[in-house]
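# Working through the structure, step by step
Residues per chain, in single letters:
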Amino acid sequence: MQKKNLAKEIQDRIRGYIEYLIEEESNKKHDEEEFLSYMPENLRKDILIDMNGKLLTENTIFSLNFRAGFLKDLATKLQEKSLGPGDNICFESDPEEMTSFYIITKGRVQLYFQKTNQPLKTLTVGDYFGQASFFSNRKHTSSAKSSNYSHIFYLQKYVFLETLGNYGREKVPLFLL
């Protein structure tokens, strides 16, 4: 890192993240993605439904508005992202950022105003954000960044809508129309 003349702040962030990864790996028995890659397709799908399905069924926005079969299908389409301290997740000024719904599974996320950097709220495990723009096509009213090492699951709106299209009789909440 010194040979590449990286700023000390960046070097410290890299070291911190490497230490975090080492700690995380020592706590894991197997790398989940590698483990899942060895599974037959049907078993992999069942595992994803079981693991990720809880995130959707425990979320009242989804559990009160959509049927179990649809939520199971969505569970296989959630994506996971690991974040370091200060990593940005979304900005209120970016029109492309209204395309995902986020659920925090580890760590803390800070909602803040981008222009002033004024903090609004800290979210923790089980909290979610992005729902207003996800369901209404409005821009985010705040920006979000990771406060520490965090994991989030997110659902992209186009994936949601494609999946919803496969469920012709699925109940569609009024706010989606």
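Please refer to the structure placed before this passage.
Residues numbered from 1 in each chain as written. Predicted model: local features only at pLDDT ≥ 70, side-chain atom pairs only at ≥ 80, totals over all residues. Heavy atoms only, no water.

## Quick word on the nonpolar core
For the record, the criterion: We call a set of buried Ala, Val, Leu, Ile, Met, Phe, Trp, Tyr and Cys residues a nonpolar core when their side-chain atoms join them within 4.5 Å. Relative accessibility under 20% of the residue-type maximum defines a buried residue, over 50% an exposed one, and the middle range a partly exposed one, all with a 1.4 Å probe and only protein chains included. Secondary structure counts use DSSP, requiring at least four H or I residues in a row for a helix and at least two E residues in a row for a strand, with both numbered from the N terminus.
Ranked by size, the top nonpolar core spans 19 residues in total, and within it Leu56, Phe62, Leu74, Leu155 and Phe160 carry the most contacts. For this core, the secondary-structure elements that each account for two or more residues are helix H3 (41-57), helix H4 (60-63), helix H5 (68-75), strand E3 (100-106), helix H6 (131-136), strand E8 (150-156) and helix H7 (157-165). When residues of this core are assigned to their parent elements, the largest contribution, four residues, is made by H5.

## Describing the pattern of salt bridges
Applied cut-off: Any Lys or Arg side-chain nitrogen located within 4 Å of an Asp or Glu carboxyl oxygen qualifies as a salt bridge.
One pass over the structure, following the stated rule, counts five salt bridges. Residue Arg15 is joined to Asp12 by a salt bridge in which the shortest nitrogen-to-oxygen separation is 3.5 Å. Remark: Asp12 and Arg15 occur in helix H1 (residues 8-27); sequence separation between them is three residues, near one turn of the helix. You can call Asp12 partly exposed: its relative accessible area is 38%. Here Asp87 ties to Arg13 by a salt bridge, and the two come within 3.5 Å at their closest N and O atoms. In this pair, Asp87 sits in the loop between strand E1 (79-83) and strand E2 (88-90) while Arg13 sits in helix H1, placing the two residues 74 residues apart along the sequence. Under the relative-accessibility criterion, Asp87 is labelled partly exposed at 24%. A residue is classified by how much of its surface remains accessible, and Arg13, at 46% relative accessible area, is partly exposed. Salt bridges sharing common partners tie together Lys8, Asp12 and Arg15.

## With respect to the packing of aromatic side chains
Ring pairs (aromatic) are described by centroid distance and by the angle formed between their planes. Formally: Each Phe, Tyr or Trp ring, with Trp reduced to its six-membered ring, pairs with another whose centre is within 6.5 Å; inter-plane angles below 30 degrees give stacked pairs, above 60 give edge-to-face pairs, and intermediate values give tilted ones. Geometrically, a charge over a ring is one whose NZ (Lys) or CZ (Arg) sits within 6 Å of the ring centre while staying within 35 degrees of the ring normal.
Throughout the structure, instances matching the rule amount to 17 aromatic pairs. Seen from their ring centres, Tyr102 and Phe129 are 4.7 Å apart, and the 10 degrees between their planes marks the pair as stacked. Of this pair, Tyr102 sits in strand E3 while Phe129 sits in strand E6 (residues 128-129), placing them 27 residues apart in sequence. Here the aromatic residues Phe62, Phe66, Phe70, Phe101, Tyr128, Phe134, Phe135, Phe160 and Tyr167 are joined through ring pairs into a cluster of three or more. It is Lys145 that lies over the ring of Tyr112; its NZ or CZ is 4.8 Å from the centre.

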